[in-house]
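The chain contents come next:
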Amino acid sequence: MVEIEFLGPIKFQNIKMQASNLGEVKEKLGEYNELELNEWLKICAVAVNDEVVTSLETPLKDGDKISILPPICGG
């Protein structure tokens, strides 16, 4: 299980989910019917365990922390 945290002005609680890579996380977050969340995801950077990553193929393991970083927070 991985945990997704939303930083700065993104007003969403942390989410825990099963995912083997960032592509799966993106797909599952896209299933949320929150227009505001989907808009943020279009412009945010992503970090895995405090390291910014760009590939949706980035592998994930149990216990990883994914941070959604809006532009005003370094994203």
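Small disclaimer: the values here were computed from a predicted structure and weren't measured.

Caption draft 1: View of the pattern of salt bridges. Per the counting criterion, the structure on display carries four salt bridges. Its salt-bridge partner being Glu 5, residue Lys 65 comes within 3.7 Å of it at the nearest N-O pair. Remark: Glu 5 occurs in strand S1 (residues 2-6) and Lys 65 occurs in strand S5 (residues 65-69); sequence separation between them is 60 residues. Asp 50 is the salt-bridge partner of Lys 65, the closest N and O atoms lying 3.2 Å from each other. Here Lys 65 is found in strand S5, whereas its partner Asp 50 is found in the loop between strand S3 (45-48) and strand S4 (51-53), with 15 residues between them in sequence. Residue Lys 65 is classed as partly exposed on the basis of its relative accessible area of 27%. What emerges from the salt-bridge pattern is a single network uniting Glu 5, Asp 50 and Lys 65.

Caption draft 2: The layout of surface pockets, seen in detail. Put simply, the largest pocket is a space of about 350 Å³. Taken together, 15 residues form the lining of the largest pocket, with Lys 26, Leu 41, Cys 44, Val 46 and Leu 56 sitting closest to its centre. For the lining of the largest pocket, the leading source of residues is helix H1 (residues 22-30), giving four residues.

Reading the values: the criteria
- Residues numbered from 1 in each chain as written.
- Predicted model: local features only at pLDDT ≥ 70, side-chain atom pairs only at ≥ 80, totals over all residues.
- Heavy atoms only, no water.
- Salt bridge = Lys/Arg side-chain N within 4 Å of Asp/Glu carboxyl O.
- Helix = DSSP H or I, 4+ residues; strand = E, 2+ residues; numbered from the N terminus.
- Buried < 20%, exposed > 50% of the residue type's maximum accessible area, 1.4 Å probe, protein only.
- 1 Å grid on protein atoms, 1.4 Å probe; cavity = no way out; pocket = protein on both sides within 12 Å on 5 of 7 lines; lining within 4 Å.
- Points joined across faces, edges and corners; volume = space filled by probe spheres on them.

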